[in-house]
Amino acid sequence: PVPVTVRCRWGAAAAAHPVAQRLLAIRDAKRSNLCVAADLCDAADIMRLCEQIGPLICVLKVHADTVDNWTAETASALRAAADRHNFLLFEDRKFADIGHTVVCQASGGVHRIVAWADLINAHGIPGRGVVDGLRQACQASGRAVGLLLVAQMSSKGNLIDSAYTERCLAMAREARDLCIGFIAQERLDDTGELLVMTPGVQLAAGGDALGQQYNTPADVIGCRGADFIIVGRGIYGATDPCQAARAYQAAGWAALTDASSR
Ligand code: S5P
């Protein structure tokens, strides 16, 4: 397609961090603000999904610790697929421990997350030590990695209140060298410099039996000001994941470009 300059309300100002720059460049080149949550238990199934939907997405999110047969080869295969199809890899570990522990969790163990992930996330609950520990792990890896703070959650009855979210915003502003934005349900920062990725998205609002709550792409992007949608079961659980990914890509992009031109 002919490249378009997206009149995005927020994107232009966000590109201070190299990972944010790449994310926005991929978004605009592929006309996709879709992150797919590949929450499958078998590595081969994840790779199959990658091949099907790779051209349609800007980010693939995984939970490496839920993959039954995860090995170092899984990480290399994911990395190769991400580079071939031009999307970022997001490991959704939600670090939430003291700095010293998260250094080990991010760089060591079976998953060696900062050796392959482009994006990681953390809860703000431990205080700035969690960010300092992750910074140390990322620097030691020698790779550019972006952090998203979980400032809000999609699940019913979660314990996060507006004061906590505000403190996450303050934490992110103090760590602009690492933090590129948030996992949240709405835009938090009006400068547009911190991106928002929103989970709990399906084409119809609703929920699941365990407290997940869904809003539509038009709602989270058009009304609440998010930049990216995160979709799991709506895509990998569909009869035709590729067709579903196309529908979410179109809905996410329409909501973003519509919101941007307002
Ligand atoms: O608040 C949150 C934060 C996250 S990262 N709510 C979420 O659902 N997530 C993740 O998004 C969750 O771990 C899962 O990987 C994905 C949502 O999946 P879905 O199948 O409900 O779309």
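Residues numbered from 1 in each chain as written. Predicted model: local features only at pLDDT ≥ 70, side-chain atom pairs only at ≥ 80, totals over all residues. Heavy atoms only, no water.

Under an unreviewed UniProt entry, the name given to the protein is Uridine 5'-monophosphate synthase, and the source organism is Cyanidium caldarium. Within the UniProt record for the protein, the comment given under Subcellular location (unreviewed entry) is "Plastid, Chloroplast". (UniProt positions renumbered as here; feature names shortened; annotations may be inferred.)

Quick notes on the pattern of salt bridges
Across all of its chains, the model carries 17 salt bridges by this definition. One network of salt bridges, in which partners are shared, links Arg22, Arg79, Asp83, Asp118 and Arg143. (Salt bridge = Lys/Arg side-chain N within 4 Å of Asp/Glu carboxyl O.)

Let's talk about the packing of aromatic side chains
Given two aromatic rings, their pairing is described by the distance between the two centres and the angle made by the two planes. Enumeration over the complete set of coordinates arrives at one aromatic pair. Here Trp70 and Trp116 contribute two aromatic rings whose centre-to-centre distance is 5.3 Å and whose plane-to-plane angle is 40°, an arrangement assigned as tilted. Pair noted here: Trp70 is in the loop between β2 (59-62) and α3 (72-85) and Trp116 is in the loop between α4 (99-107) and β4 (119-123), with a separation of 46 residues, a long-range link. (Phe/Tyr/Trp six-rings, centres within 6.5 Å; stacked < 30°, edge-to-face > 60°. Helix = DSSP H or I, 4+ residues; strand = E, 2+ residues; numbered from the N terminus.)

Digging into the site of the ligand
Looking at the ligand, there are 14 residues lining it, with Asp39, Lys61, Ser154, Tyr214 and Arg233 nearest. In this structure, Asp39 approaches the ligand through a side-chain N or O atom, which is 2.6 Å from an oxygen atom. A distance of 2.6 Å separates an oxygen atom of the ligand from a polar side-chain atom of Tyr214. For the ligand, whose accessible area on its own is 490 Å², the fraction buried by protein is 91%. (Near = heavy atom within 4 Å. Polar contact = N/O pair within 3.5 Å; in protein donor to acceptor, adjacent residues only side chain to side chain. Areas by Shrake-Rupley, 256 points an atom, 1.4 Å probe, with all protein chains shown as cover.)

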